[in-house]
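Observations on the three-dimensional arrangement
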Amino acid sequence: MFVISLKFAGARERAGEFMEAHKDWIKKGFDEGVFLMVGNLQPGLGGALLAHGASREEVEKRVAEDPFVAEKIVTADILEITPGRTDERLAFLAG
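Model, not experiment: these values are computed from the prediction.

As for the sheet that holds strand S2 (residues 35-41)
Strand order across the open sheet formed by 4 strands is S2-S3-S1-S4, with antiparallel pairing between neighbours. The sheet terminates laterally at S2 and strand S4 (74-80), the two strands that pair on one side only. Going across the sheet, the axis of each strand differs from the next one's by a mean of 15°, ignoring polarity. One ladder, built from 6 bridges, connects strand S1 (residues 2-8) with strand S3 (residues 46-51); its direction is antiparallel. Across the sheet, the residue bridging to Ile-4 is Leu-49, located in S3. Set on the sheet, helix H1 (residues 15-31) makes contact with S1, S2 and S3; between it and S2 the angle comes to about 150°. Running over the sheet, helix H2 (residues 56-64) touches S1, S2 and S4 and is turned about 165° from S4.

Section: the nonpolar core
Nonpolar side chains tend to gather and get buried jointly when the protein is soluble and globular. Of all hydrophobic cores here, the largest spans 19 residues; its most connected members are Ile-4, Leu-6 and Ile-73. Taken together, the elements giving at least two residues each to this core come down to S1, H1, S3, H2, helix H3 (67-70) and S4. The element contributing the most residues to this core is H1, with 4 residues. Not counting residues up to four positions away in its chain, the partners in contact with Leu-6 are His-22, Trp-25, Leu-41, Leu-45, Gly-46, Gly-47, Leu-49, Asp-66, Val-69, Val-74, Thr-75 and Ala-76.

Calculation criteria
- Residues numbered from 1 in each chain as written.
- Predicted model: local features only at pLDDT ≥ 70, side-chain atom pairs only at ≥ 80, totals over all residues.
- Heavy atoms only, no water.
- Pairing = 2+ DSSP bridges.
- Helix = DSSP H or I, 4+ residues; strand = E, 2+ residues; numbered from the N terminus.
- Axes fitted to C-alpha atoms, helices over the stretch in contact; angles between N-to-C directions.
- Contact = heavy atoms within 4.5 Å.
- Core = buried A, V, L, I, M, F, W, Y, C linked by side-chain atoms within 4.5 Å.
- Buried < 20%, exposed > 50% of the residue type's maximum accessible area, 1.4 Å probe, protein only.

This is the structure:
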């Protein structure tokens, strides 16, 4: 499982130019079953995603394809987590 933070960087003012492409990138991640959750980092710091079912290499490649990352609107940090214990609702993550 991966936690991906996308924190605004120097080109934040350009976010509007690439918002639709960024949303398309998010939709693709959900459609392909890799993204489990997306949300905003508060207060207005950027966004975060949970990803599962892909290798680190695949996740890194996918993140690099985000228009916000490619255009340096955000910086990405990818944390890999190997769940040791989960609530039964998240048991699929431990497998």
